Every structure is written in C-alpha cells, then in structure tokens.
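Inside the fold
Take a look at the letters that make up each chain.
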Amino acid sequence: EAGVAQSPRYKIIEKRQSVAFWCNPISGHATLYWYQQILGQGPKLLIQFQNNGVVDDSQLPKDRFSAERLKGVDSTLKIQPAKLEDSAVYLCASSPKGYGYTFGSGTRLTVV
Amino acid sequence: AQSVTQLDSQVPVFEEAPVELRCNYSSSVSVYLFWYVQYPNQGLQLLLKYLSGSTLVKGINGFEAEFNKSQTSFHLRKPSVHISDTAEYFCAVNFLTQGGSEKLVFGKGTKLTVNP
C-alpha cells in the first residue's frame with residue numbers, strides 16, 4: 001500500500017512569511033496527526049484529527065498555526081506568520097486505530 | 001499526568017557489544033508501546049510495538065523490548081550492535097482513555113552511537 005505522502009520535502013522562508021504543508025494519509029485511515037520535531041528533540045503532537053473533526057489541538061499555537069482536514073482525507077497545516085523557532089521537521093502520521101501508525105517523510109522547514 | 005521518559009540522551013557503545021535503551025512512562029490509563037528509529041535526515045521507522053500478549057516483543061534488525069507493567073517500563077535491547085545501528089531511537093506511548101480517545105506521546109530520544 002502507498003505510504004503517507006507529504007509535500008514539500010523542504011521549505012525555506014523568511015520570518016513573518018506564511019507557509020503551508022500538505023499531507024495525504026493512507027487510504028482508509030481515519031486518524032491523522034501532525035507532529036513538530038525540533039532538531040535534537042522528540043516529535044511533539046500539534047493536532048489530531050478523527051475523520052475531519054479535531055480530537056486534540058491542545059499544543060497547537062493557535063495564534064499562528066492552523067490545520068484542516070477536508071472530507072476526512074488530505075490535511076494542510078499552515079503557519080502565519082512564521083517565527084525563527086518554528087524551524088523544525090513537520091511530520092504527518094495516520095492510523096486506522098491506535099496501533100497502526102505510519103509516518104510520512106516529513107517537511108523540513110527553515111525560517112531565516 | 002501522561003509522560004514518556006527516555007533516561008539516556010546519548011549512548012555510545014562499541015560494535016558487537018550489547019545495548020539497552022531505557023524508556024519509562026507515567027499513565028493511569030491503558031497504553032500501547034512503540035519504539036521508532038530515525039536515521040539522519042530520514043523519517044521515523046517503526047522498530048517494534050507492544051499491544052497485548054507476551055511482554056517480550058521482537059522487532060526488526062534484531063531488536064527486542066520487554067514491557068514491564070509494574071515498573072511502567074519498555075526498554076529496548078539488542079545483544080550485538082552494528083555500526084549501521086547508529087541512529088536516534090524514540091520510545092512512544094499511545095495513551096488510551098475509556099472514552100476511546102488516544103494520544104501518541106514521544107520521549108525526547110536516545111542517540112545511539114556505535115563505534116568500531
């Protein structure tokens with residue numbers, strides 16, 4: 001089966017600019033996650049969707065980050081405006097249940 | 001509070017030596033347990049997982065882990081490491097509530113360096 005697709009792979013932007021990441025989960029996976037992985041740290045959950053509804057966004061900086069999952073399939077994560085500390089790898093994962101997580105390759109964001 | 005602790009941030013070992021990477025968690029709910037490996041500039045790859053049943057779980061690349069419920073631990077072991085095992089290893093715990101919700105939380109990672 002195809003894996004979790006993410007794009008772009010790399011992105012360099014200036015601070016205060018906007019950026020968007022895209023994720024296409026494995027077909028049929030109801031749950032979708034966005035994680036932020038800062039260099040040298042473990043992934044931190046930003047937001048969790050169940051179909052197209054938000055289950056957990058308690059660690060999403062809502063003043064600048066937003067995410068949506070249209071029709072319970074693809075998802076986009078947006079940052080507006082970006083800060084230097086947003087430099088990280090943004091990982092998307094999907095699962096049919098709580099034990100079948102598959103991660104995408106991630107988008108590496110550099111804010112200069 | 002639900003948390004995952006990896007006690008060692010860095011573990012250097014010599015090739016062919018055994019290694020143990022430690023992971024402890026804190027939880028009042030049921031859990032599923034995972035170990036992931038991340039090679040430089042690559043994504044997360046699942047090494048092994050514990051869902052239920054035998055507490056000794058075998059994974060890919062010769063790794064295994066043992067779930068100890070009383071000590072809330074899930075330590076990763078390999079009897080003989082190779083240079084190619086050099087990578088970052090993450091313990092992750094899926095906390096399951098009675099309401100059916102779940103949350104996958106990662107530890108901060110352990111950087112394993114295998115020296116010749």
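Scroll up to find the structure.
Here, residues in each chain are numbered from 1, in the same order as that chain's written sequence. Going through the entries in the order they are written, you letter the chains from A and number the ligands from 1. Confidence filtering applies because this is a predicted model: local features only for residues at pLDDT of at least 70, side-chain atom pairs given and counted only at 80 or more, and all residues used for totals across whole chains, interfaces and linings. Hydrogens and water molecules were not included; the side-chain quantities draw on all heavy atoms of the structure.

This part takes up the overall build of chain A. Working definition: helices are DSSP H or I runs of at least four residues, strands are E runs of at least two. Numbering for both runs from the N terminus. Scanning chain A for helices and strands turns up zero helices and 11 strands. Going residue by residue from the N terminus, the α and β elements of chain A occur as β-β-β-β-β-β-β-β-β-β-β. Taking 2.2 N^0.38 as the reference for a compact globule, 112 residues should give roughly 13 Å; the C-alpha atoms of chain A span a radius of gyration of 13 Å, in line with that estimate. Note on classification: 1.4 Å probe, protein chains only; a residue is buried when its accessible area is under 20% of the maximum for its type, exposed when over 50%, partly exposed between these limits. Sorting the 112 residues of chain A into buried and exposed places 46% on the buried side. The size measure is the radius of gyration over C-alpha atoms, and the globule rule it meets is 2.2 Å times the number of residues to the 0.38 power.

One broad trend across soluble globular proteins is that nonpolar side chains are buried collectively. One finds B:Leu33, B:Trp35, B:Leu47, B:Leu48, B:Phe74, B:Leu76 and B:Tyr89 to be the most contacted residues of the largest nonpolar core, which totals 29 residues. Listing elements by their share of this core, those giving two or more residues are strand 2 (10–14), strand 3 (19–21), strand 5 (30–38), strand 6 (44–50), strand 8 (64–68), strand 9 (73–78), strand 10 (87–96) and strand 12 (110–115) of chain B. Looking at which element gives the most residues to this core, the answer is strand 10 of chain B, with five residues. Residues within four places of B:Tyr89 in sequence aside, it is in contact with B:Gln6, B:Leu21, B:Trp35, B:Tyr36, B:Val37, B:Leu47, B:Phe63, B:Leu76, B:Gly109, B:Thr110 and B:Leu112. Of all hydrophobic cores here, the second largest spans 21 residues; its members include A:Phe65, A:Ile79, A:Cys92 and A:Val111. Residues belong to one nonpolar core when they are buried, are Ala, Val, Leu, Ile, Met, Phe, Trp, Tyr or Cys, and are joined through side-chain atoms within 4.5 Å. The contact definition used throughout considers only heavy atoms, calling two residues in contact when any of these lie within 4.5 Å.

So, on to the state of the cysteines. All names here are of chain A. Whenever a pair of cysteine sulfur atoms sits within 2.5 Å, that pair is classed as a disulfide. Throughout the structure, instances matching the rule amount to two disulfides over all chains. Paired by a disulfide, Cys23 and Cys92 hold their sulfur atoms 1.9 Å apart. Residues Cys23 and Cys92 are joined by a disulfide whose S-S torsion is about -70°; by sign, that bridge is left-handed. A residue pair is termed long-range when its members are at least 10 positions apart, and Cys23 in strand 3 (residues 19–24) and Cys92 in strand 9 (residues 88–95) qualify at 69 residues. Residue classification places Cys92 among the buried residues on the basis of a relative accessible area of 0%.

Take the packing of aromatic side chains next. Residues and elements named next belong to chain B. Only Phe, Tyr and Trp rings take part, Trp by its six-membered ring, and two of them pair if their centres are within 6.5 Å. Stacked means planes under 30 degrees apart, edge-to-face means over 60, and tilted covers everything else. Tallied over the full model, the rule gives 14 aromatic pairs over all chains. A centroid spacing of 5.7 Å and a plane angle of 45° characterise the contact between Tyr36 and Phe106, whose relative ring orientation is tilted. Of this pair, Tyr36 sits in strand 5 while Phe106 sits in strand 11 (residues 102–106); the two residues are 70 residues apart in sequence, bridging distant segments of the chain. Residue class for Tyr36 comes out buried when judged on its relative accessible area of 1%. In this structure Phe106 comes out as buried when scored by relative accessible area, which is 8%.

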